[in-house]
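# Reading the structure
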Amino acid sequence: KIISNDLKHFFPQVFQLLTDLKQQRKESGKNKQSSGQQNLNTIMYETLKYISKTPCRYQSPETVKEFLIAMKGHKLTK
């Protein structure tokens, strides 16, 4: 499982999106079990499981933005 460091910047948004989608599906009571739906459920589950083990679980877009603004003055490079 190799994930580009560039993609990790999107983890907070992906985590929030999948969490919201999961909650909406739970509230709507729709529980379709087509093979396509089962595949989507598996992808959502595995993605949420992986991302929930990373620090982004506790981050929000606002905290990421604040961090980037705070670090901008340090002129860090790769």
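Look up: the structure comes first, before these words.
Residues numbered from 1 in each chain as written. Predicted model: local features only at pLDDT ≥ 70, side-chain atom pairs only at ≥ 80, totals over all residues. Heavy atoms only, no water.

### A short note on helix α3 (residues 61–72)
- When the terminal C-alpha atoms of α3 are compared, their 16 Å separation across 12 residues agrees well with the 16 Å that a helix rising 1.5 Å per residue should span.
- Buried residues are scarce in α3, accounting for 0 of its 12 residues. (Helix = DSSP H or I, 4+ residues; strand = E, 2+ residues; numbered from the N terminus. Expected span 1.5 Å × (residues − 1). Buried < 20%, exposed > 50% of the residue type's maximum accessible area, 1.4 Å probe, protein only.)

### Describing the packing of helix α1 (residues 11–28) against helix α2 (residues 35–51)
- Interhelical geometry of α1 versus α2 gives an angle of 135° and a closest axis separation of 10 Å. Here α1 lies oblique to α2, going by the angle between them. Both α1 and α2 take part in a crossing whose hand is left-handed. Listed contacts from α2 to Phe11, Val14, Phe15, Leu18, Thr19, Leu21, Lys22 and Arg25 of α1 are Gln37, Asn41, Met44, Thr47, Leu48, Tyr50 and Ile51.
- Taken together, the residues of the contact of α1 with α2 sort by class into 9 nonpolar, 4 polar and 2 charged. (Axes fitted to C-alpha atoms, helices over the stretch in contact; angles between N-to-C directions. Parallel < 35°, antiparallel > 145°, perpendicular 65-115°, else oblique. Left-handed = near helix turned anticlockwise from the far one by under 90°. Contact = heavy atoms within 4.5 Å. Nonpolar A, V, L, I, M, F, W, Y, C, P; charged D, E, K, R; others polar.)

### Details of the nonpolar core
- Counting 7 residues, the largest nonpolar core is built from Phe11, Phe15, Leu18, Met44, Leu48, Ile51 and Cys56.
- Looking at this core, the elements with two or more residues in it are α1 and α2. (Core = buried A, V, L, I, M, F, W, Y, C linked by side-chain atoms within 4.5 Å.)

### Remarks on the environment of methionine 44
- If you trace the backbone, methionine 44 turns up in helix α2.
- For methionine 44, a relative accessible area of 6% translates into the label buried.
- Residues methionine 44 and phenylalanine 15 lie 29 residues apart in sequence; the distance between their C-alpha atoms is 9.6 Å.
- Setting aside chain neighbours within four positions, we find methionine 44 in contact with Leu18, Leu21, Lys22 and Arg25.

Geometric values such as these leave the question of function open.
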